[in-house]
Every structure is written in structure tokens, then in C-alpha cells.
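Letter by letter, the chains look like this.
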Amino acid sequence: MSIEQQLLARSEHSCELCKATANLDLHAVAPYAADSAEHCALLCTTCQQELTDPTDHNHWRCLNDSMWSTEPAVQVLAWRTLKKLSTDQTWAQDLLDMLYLEPGVQEWAEIGQAEDAADDGEILLDSNGVRLAAGDTVTIIKDLDVKGAGFTAKRGTTVKNISLNASLAGHIGGRVNGVQIQLAVQYLKKV
């Protein structure tokens with residue numbers, strides 16, 4: 001059975017991201033080639049065109065369903081697309097916050113993704129001196145009053161998928177209690 005036949009059977013003859021049934025084609029998920037069905041997904045033309053630069057935000061709301069696929073290649077594509085959309089789409093950030101990938105799948109998803117850098121090029125280190133990167137998960141090590149939000153970020157709170165483009169030096173961006181805030185790195189520990 002060819003890879004394309006395997007994908008057609010696995011996807012029930014529909015796009016593995018948006019469920020469209022027309023204009024389907026095999027898509028190798030980087031960095032892998034189309035060498036096995038495990039490294040590929042069956043996608044419609046629209047999804048393939050939008051993958052590199054997602055502009056049709058409403059089209060990608062389909063990821064609410066497809067991100068729960070049991071296929072690692074589909075999970076990787078969903079994560080990468082949500083990551084791109086999360087910079088200006090709160091719904092995408094919310095989905096990204098809910099998405100859990102096994103460690104090996106997470107590594108695959110992050111391969112080739114451009115690392116966000118702090119605006120001034122500064123290297124950010126957590127309270128233990130461990131370098132922080134965009135997408136990392138951190139834990140708050142001290143209760144912190146969140147100015148302007150009216151709550152305290154409690155010690156032990158996990159902050160997933162951090163961003164390094166905070167407007168303040170020595171800070172990262174992250175979501176706590178559903179609110180996007182900036183946190184000082186000296187009060188964080190990388191998980």
C-alpha cells in the first residue's frame with residue numbers, strides 16, 4: 001500500500017486539518033521527507049497554501065478539532081499553525097495553551113521554528129540560571145501582585161508557551177488566569 005493510500009485510509013478521504021474532501025495531496029511534515037505515513041499528512045490545497053503564512057484566520061478555527069488528532073504529524077502541523085496565529089489571535093493562543101504534545105512530538109514541532117528573541121537581543125535566564133526560550137514552560141517561585149489586573153499570580157503557577165518579546169527588559173510574556181502578562185525572569189523557574 002502506498003503512503004498516499006495509507007493517508008487516505010487514515011483520514012477517511014478528508015483533509016487531516018480542516019476535513020475538506022476536495023483537492024487532497026500528501027504533505028511531508030518538516031524536517032522529514034515523504035518517506036513514511038507517520039511523517040506525512042493529507043491536506044487540502046487551502047491548508048497547504050496557508051501553512052507557511054496563515055492569513056485566513058477563520059479557516060484555521062478547524063484546528064479546534066484537528067489538534068486532538070492521535071497522529072503526531074497532524075499534531076505538529078496544528079501546533080505550528082496555532083503558534084503562528086497566536087501572536088495576534090487570542091482564540092489561537094487559548095487553543096495552544098490547551099494543547100499537550102508528548103515530549104518527542106513537541107521537539108518535532110519546534111524543529112525549524114524561528115526562535116523569538118528579546119527586542120534588545122538579551123539572553124534571559126530563569127532564577128536558576130537556565131536559559132529561557134520562546135515556547136518554554138515556567139513555574140512562578142514567588143507570589144506576585146499583577147498590577148492593573150487585580151489578582152496575585154500565586155507561587156507554583158505554571159505558565160506555558162512563554163514569549164520573549166516582552167516590552168520590559170528582563171521580562172517574559174505569558175498567560176496567567178487567562179490574562180496575558182509580563183513576568184520578571186528572576187521569579188521564574190524553567191520546568
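The shown structure was predicted, so the numbers you read here are calculated from the model rather than taken from an experiment.

Helix and strand counts for the protein chain stand at six helices and nine strands. Taking the principal axes of its C-alpha atoms as reference, the protein chain extends roughly 55 × 30 × 30 Å. Burial statistics for the protein chain: of 191 residues in total, 44% are counted as buried. Residue pairs in contact within the protein chain that sit at least 24 positions apart in sequence constitute 55% of those at least 6 positions apart.

Going through the model one piece at a time under the given rule, you end up with one aromatic pair. Judged by centre distance (5.1 Å) and plane angle (85°), the rings of Y32 and W108 are edge-to-face. In this pair, Y32 sits in the loop between β1 (24-28) and β2 (40-44) while W108 sits in helix α6 (residues 103-110), placing the two residues 76 residues apart along the sequence. Relative accessible area serves as the criterion here: at 35%, Y32 is assigned to the partly exposed category. For W108, a relative accessible area of 8% corresponds to the buried category.

Let's shift gears to the confidence of the model for the protein chain. The share of residues in the protein chain with pLDDT of 70 or more is 93%, and the mean pLDDT across the chain is 88. The low-confidence segment residues 115-120, where pLDDT is below 50, has seven contacts with residues more than four positions distant or belonging to other chains.

Rules behind the numbers
Counting restarts for each chain, with residues numbered from 1 along the sequence as it is written. Owing to the predicted nature of the model, reporting of local features is limited to residues with pLDDT of at least 70; listing and counting of side-chain atom pairs is limited to 80 or more, with chain, interface and lining totals taken over all residues. To obtain the side-chain values, all non-hydrogen atoms of the structure were used and water was disregarded. The helix and strand labels rest on DSSP assignments: H or I over at least four residues marks a helix, E over at least two residues marks a strand, and numbering proceeds from the N terminus. Throughout, exposure labels follow a simple rule: accessible area from a 1.4 Å probe, protein chains only, divided by the maximum for the residue type, with under 20% read as buried, over 50% as exposed, and the rest as partly exposed. The contact criterion used is simple: two residues touch if any of their non-hydrogen atoms lie within 4.5 Å. In this scheme Phe, Tyr and Trp rings, the latter by its six-membered ring, pair at centre separations within 6.5 Å, and the angle between planes marks the pair as stacked below 30 degrees, edge-to-face above 60, and tilted otherwise. One confidence number per residue, pLDDT, is output by the predictor and ranges from 0 to 100.

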